[in-house]
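Single-letter residue listing:
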Amino acid sequence: MATIHEILGKLTLEGNQSSSTQPRLGTVKPSTNFDAEKDAAALEAAIKTKGVDEVTIINILTSRSNEQRQDIAFAYQRRTKKDLPSALKGALSGHLETVMLGLIKTRPQYDASELKGAMKGLGTDEDTLVEIICSRTNQELQAIQAAYRELYKTELEKDIVSDTSGDFRKLMVALAKGKRQEESSVVDYEKIDQDARELYEAGVKRKGTDVGKWITIMTERSIPHLQKVFERYKSYSPYDMQESIKKEVKGDLENAFLNLVQCIQNKPLYFADRLYDSMKGKGTKDKVLIRVMVSRSEVDMLKIRSEFKKKYNKSLHYYIGQDTKGDYQRALLNLCGGDD
């Protein structure tokens, strides 16, 4: 038994190390002096009170780490014999309910449920599929696969295959496997040059595109390697990688490749653009706005905010303030974590 404890201890330590680097870039950090029982009692009172005390619910759930929110949900269930998601569904409605329910799922469960939502029923929400699958790391994708299997008793890959087609399907399946090479301290300039030349020869240089070659290179190489490949690509092609994609492929495949290249080049800027697009013009794409705010709040929201301000000259905080209202606005501004 000692060996199992040692293994579990090691896994816990490794898990803590990776999560301890995240809060520095996230806006939502673990609460100090955390007391799950106290928070569960406060949530119970807030839900039971006449008219529901939304402010207390928001303030608790947006100022605890995901791990702490899992502890609160566990304490709430033990205390009330009801599960917290059902209690929140009964007490809240609209976009605020969506945000709060998103926050009490683990991150892999949240991504898995968003992917399932994108594929169920008639038609596929390709944008959601592309955003999640293109932007998650190997470890995140493997955790999503496990959560998907547990929640829906089927494989994520199986659902992608039955819901998509053609080269778009091939790209999504290749990415969802989470088999990308990990970052290496060794820079292989010969391989960088070879991949850049092959991307050019598979696309712009020839008639018709060898999409399979593009998929292999863009889904299997490490992110730092690909960043250098895209730089090198410009010495072969009269167009940069994004312009080449627009010339070579169309529709969902074009959109997926463009999203993927953006994520590879600068992920926080990619999410800043997603947030801006969700709020620009008339009407708000609340699904996108909520998903990015919930899923990135503990990962890289500070970087996203910085890229947002740099590109759009006004802060993310300002845009959310202009575009939303009431308790929903309060929840999103808490996740945003301040003005720039």
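In this text the structure is predicted, and so the values were computed from the model without any measurement.

Description of the pattern of salt bridges
Stage number 1. In this structure the tally under the stated criterion is 29 salt bridges.
Stage number 2. With a closest N to O distance of 3.8 Å, Asp195 and Lys191 form a salt bridge. Taken as a pair, Asp195 and Lys191 lie in helix α12 (residues 189-202) at a separation of four residues, close to a single helical turn.
Stage number 3. For Asp195, a relative accessible area of 0% translates into the label buried.
Stage number 4. Residue Lys191 is classed as partly exposed on the basis of its relative accessible area, which comes to 28%.
Stage number 5. Through salt bridges with shared partners, one network takes in Glu114, Glu131, Arg274 and Arg291.

Side note on the packing of aromatic side chains
Stage number 1. What the rule picks out here adds up to nine aromatic pairs.
Stage number 2. Through successive ring pairs, a cluster of aromatic residues spans Tyr276, Phe308, Tyr312, Tyr318 and Tyr319.
Stage number 3. Directly above the ring of Tyr239 sits Lys247, whose terminal nitrogen or CZ lies 4.5 Å from the centroid.

Considerations on the packing of helix α2 (residues 36-48) against helix α3 (residues 54-61)
Stage number 1. Where α2 contacts α3, the two axes come as close as 8 Å, and the packing angle between them is 155 degrees. By the angle between their axes, α2 is roughly antiparallel relative to α3. Here α2 and α3 pass one another in a crossing that is left-handed. Along the contact surface, α2 presents Asp39, Ala42, Leu43, Ala46 and Ile47, while α3 presents Thr56, Ile57, Ile60 and Leu61.
Stage number 2. Tallied by class, residues from the contact of α2 with α3 come to seven nonpolar, one polar and one charged.

Details of helix α19 (residues 301-312)
Spacing of three or four residues puts side chains on the same side of an α-helix, whose turn is 3.6 residues.
Stage number 1. Given a rise of 1.5 Å per residue, twelve residues ought to cover 16 Å, and the 16 Å separating the end C-alpha atoms of α19 matches this to within 8%.
Stage number 2. Taken residue by residue, α19 has Met301, Ile304, Arg305, Glu307, Phe308 and Tyr312 as its buried positions. Down the axis of α19, the buried set is contained in an arc of 165 degrees. They therefore lie on one face.
Stage number 3. In this fold, the buried residues of α19 make contact with α17 (267-279), α18 (286-296), α20 (316-323) and α21 (326-336).
Stage number 4. Phi turns positive, to about 65 degrees, at Asn313, one or two residues after α19.

Remarks on the nonpolar core
Stage number 1. With 95 residues, the main nonpolar core has Ile57, Leu88, Val99, Met100, Met172, Phe257 and Met293 as its most contacted residues.
Stage number 2. For this core, the leading source of residues is helix α16 (residues 251-265), giving eight residues.
Stage number 3. Leave out the neighbours within four places in its chain, and Phe257 touches Leu171, Val211, Trp214, Ile215, Met218, Ile245 and Val249.

Parameters at a glance
Residues numbered from 1 in each chain as written. Predicted model: local features only at pLDDT ≥ 70, side-chain atom pairs only at ≥ 80, totals over all residues. Heavy atoms only, no water. Salt bridge = Lys/Arg side-chain N within 4 Å of Asp/Glu carboxyl O. Helix = DSSP H or I, 4+ residues; strand = E, 2+ residues; numbered from the N terminus. Buried < 20%, exposed > 50% of the residue type's maximum accessible area, 1.4 Å probe, protein only. Phe/Tyr/Trp six-rings, centres within 6.5 Å; stacked < 30°, edge-to-face > 60°. Lys NZ or Arg CZ within 6 Å of the ring centre and 35° of its normal. Axes fitted to C-alpha atoms, helices over the stretch in contact; angles between N-to-C directions. Parallel < 35°, antiparallel > 145°, perpendicular 65-115°, else oblique. Left-handed = near helix turned anticlockwise from the far one by under 90°. Contact = heavy atoms within 4.5 Å. Nonpolar A, V, L, I, M, F, W, Y, C, P; charged D, E, K, R; others polar. Expected span 1.5 Å × (residues − 1). Arc of directions from axis to C-beta. Core = buried A, V, L, I, M, F, W, Y, C linked by side-chain atoms within 4.5 Å.

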